[in-house]
Amino acid sequence: MVLSDDLYNESGKVLLIRAGERITEKTIGQLKNLGTEDACVMTCEETYEKIMNAKEVPPEIRQEMMEDKFGYTKLRKEVRNFLGMIEHAAEPEYEAAQEVTGEVTKKLGKMNFHDFFECINVPRKIDEDLQRHSLNIAFLNGMMGYWLKMPEEQIQLLVMAGLLHDIGKTQIPEQILYAPRKLTKEEYEVIKQHPVYSYELLGDQYDASVRDAVRHHHERLDGLGYPDQLSGDEISVFARITSICDIYDAMVSKRSYKEERLPFDILDKMKHKEYGGLDPELVAVFIKNMIRHFKNSQVIMSDGITGIVSYIPPNDIDHPVIVAGDVVRQVDDTWYCRKVLREEGEY
Ligand SMILES: [Fe+2]
């Protein structure tokens, strides 16, 4: 829990804890030691919104609260335990995979897209990278299934493929996987084996479509992917969808801490085929729906002004039209989005 208001002593003259500070057992103990025996910690209906809007709340705490509220933290921990199990026992337990798959699928229809986006668009700690990526692709895959109006059981399989696609990375030495430098050719070859490892880890109880998508999520339509150099129709729809979602999540998390990697830029690059070998029809579905959801997002502009995305030109996605007060202006090189927030007034 985080304190929503500055807390003073009884005389109101001594500041005890600042708003935005985390309340721990220790803090509560300290308060009790001050002799305020009837001290209690209260939360109220508006607390969440108030904290989220308070300027003094550090971004990492806002992020944590956001993830808790969405249910992302709980799911991420389940994925973490699942991946931990594979790392030690090398056996991805089917029931555990099914459990997470079920929970993600259940959320898909009723979740707030902006909340989800806030959960995925964050710089990641290295030790959380794989769990977050696996969970994000489970969600993104599921959304694609939803947008493509697939039947529920197909969506479930797509979610499961997303969850499992990179489990083979648990078999790759960390010094290669997280090397903070350019990889050697040999090391890159080792990394390229991860879809095979993912595939081999999955036993017969996993659906063939899931196993296929897992093995082939790095294949490309032009035959330039790996590990089997498939091309065109040899690549399943599930594998194609997983590739698109995989690239989106990798791009959105790969950024310097100074500047946010904006969805508009990634989607524009996707549209202009800068990530080669993706299925153009599926990319079009992905982009169309992402644009729909990012409309009305709040953005912070390069001059510090907050605006609302009022229009995203489908052929010029990285130059959306922003409304800021009386100003209606299209993004250009001199006035650009620095950060995407959520829809106005929606917490
Ligand atoms: Fe991968």
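Structural notes, computed from the coordinates. Just so it is clear, the model here is predicted, and its values are computed rather than measured. (Residues numbered from 1 in each chain as written. Predicted model: local features only at pLDDT ≥ 70, side-chain atom pairs only at ≥ 80, totals over all residues. Heavy atoms only, no water.)

### Looking at the nonpolar core
With 75 residues, the main nonpolar core has F139, L164, Y248, F264, M270, F286 and F294 as its most contacted residues. In terms of residue count, the dominant contributor to this core is helix α7 (residues 126–147) (9 residues). The contact partners of F139, leaving out residues within four places of it in the chain, are F70, L75, V104, K107, L108, M111 and F116. (Core = buried A, V, L, I, M, F, W, Y, C linked by side-chain atoms within 4.5 Å. Buried < 20%, exposed > 50% of the residue type's maximum accessible area, 1.4 Å probe, protein only. Helix = DSSP H or I, 4+ residues; strand = E, 2+ residues; numbered from the N terminus. Contact = heavy atoms within 4.5 Å.)

### Section: the packing of aromatic side chains
Geometry of an aromatic ring pair is reported as the spacing of the ring centres plus the angle between the planes. Tallied over the entire structure, the rule returns 9 aromatic pairs. Cation over ring: K107 sits above F70, and NZ or CZ is 4.9 Å from the ring centre. In this structure, R211 packs its charged tip against the face of Y199, placed 4.9 Å from the ring centre. (Phe/Tyr/Trp six-rings, centres within 6.5 Å; stacked < 30°, edge-to-face > 60°. Lys NZ or Arg CZ within 6 Å of the ring centre and 35° of its normal.)

### Some details on the packing of helix α14 (residues 263–271) against helix α15 (residues 280–294)
Two packed helices can be described by the angle between their axes and the distance between those axes. Two elements in contact, α14 and α15, have axes separated by 10 Å at closest approach and are oriented at 155 degrees. By the angle between their axes, α14 is roughly antiparallel relative to α15. α15 is crossed by α14, and the crossing has left-handed handedness. For the pair formed by α14 and α15, the contact residues are P263, F264, L267, M270 and K271 on the first element and V283, F286, I287, M290 and F294 on the second. Class assignment of the residues belonging to the contact of α14 with α15 gives a composition of 9 nonpolar, no polar and 1 charged. (Axes fitted to C-alpha atoms, helices over the stretch in contact; angles between N-to-C directions. Parallel < 35°, antiparallel > 145°, perpendicular 65-115°, else oblique. Left-handed = near helix turned anticlockwise from the far one by under 90°. Nonpolar A, V, L, I, M, F, W, Y, C, P; charged D, E, K, R; others polar.)

### Let's talk about the coordination of the iron ion
Around the iron ion, the protein contributes the donor atoms D166 (OD), H194 (NE2), H217 (NE2) and H218 (NE2), which lie 2.2 to 2.3 Å from the metal centre. With 4 donor atoms in place around the iron ion and angles of 80 to 168 degrees between them, the coordination shape is irregular. Mapped onto the sequence, the donors of the iron ion take the spacing D-x27-H-x22-H-H. In this pair, the class of H217 matches that of H218, namely buried. (Donors = N, O, S within 2.8 Å, 3.2 Å for Na, K, Ca; no water. Tetrahedral: all angles 85-135°; square planar, octahedral: opposite > 155°, others 65-115°.)

### Here's the deal with the pairing of strand β4 (residues 306–311)
By the bridge criterion, 3 bridges tie strand β3 (residues 297–301) to β4 in an arrangement that is antiparallel. Note that in β4 the partner of Q298 across the bridge is I308. (Pairing = 2+ DSSP bridges.)

### Points about the pattern of salt bridges
In the structure shown here, the tally under the stated rule is 14 salt bridges. Residues D279 and R240 are paired through a salt bridge, measuring 2.7 Å at the closest nitrogen-oxygen approach. On the criterion of sequence distance, the pair formed by D279 in the loop between α14 and α15 and R240 in helix α13 (residues 237–253) is long-range, its members being 39 residues apart. Judged by its relative accessible area of 14%, R240 falls in the buried class. Residue R329 is joined to D332 by a salt bridge in which the shortest nitrogen-to-oxygen separation is 3.6 Å. Classification of R329 as partly exposed rests on a relative accessible area of 31%. Classification of D332 by relative accessible area gives partly exposed; the value is 29%. A cluster of three or more residues bridged by salt bridges with shared partners is formed by E67, R76, K125, E128 and R132. (Salt bridge = Lys/Arg side-chain N within 4 Å of Asp/Glu carboxyl O.)

### With respect to the side chain of Q63
Within the secondary structure layout, Q63 lies in helix α3 (residues 59–70). Assessed through its relative accessible area of 18%, Q63 is described here as buried. A polar side-chain atom of Q63 sits 2.8 Å from the main-chain carbonyl oxygen of E118. Those residues in contact with Q63 that sit more than four places away from it in its chain are E118, C119 and V122. (Polar contact = N/O pair within 3.5 Å; in protein donor to acceptor, adjacent residues only side chain to side chain.)

### Remarks on a nonpolar patch on the surface
Residues V14, L16 and L34 make up a contiguous nonpolar surface patch of about 250 Å² in total accessible area. Inspection of the secondary structure puts V14 in the loop between β1 (7–8) and β2 (15–17). V14 gets classed as partly exposed once you look at its relative accessible area, which sits at 41%. (Patch = residues over 30% accessible without salt bridge, like charges linked within 9 Å, V, L, I, M, F, W, Y side chains within 5 Å. Areas by Shrake-Rupley, 256 points an atom, 1.4 Å probe, with all protein chains shown as cover.)

### Observations regarding unusual backbone geometry
Across the junction of Y226 and P227, the peptide omega takes the value 10 degrees, indicating a cis bond. Note that P227 resides in the loop between α12 (208–215) and α13. Despite not being glycine, K149 has its phi angle at roughly 55 degrees, a positive value. In this structure, K149 sits in the loop between α7 and α8 (152–164). Even without a glycine there, the phi angle at K273 is positive, about 55 degrees. Mapped onto the elements, K273 comes out in the loop between α14 and α15. You can call K273 exposed: its relative accessible area is 62%.

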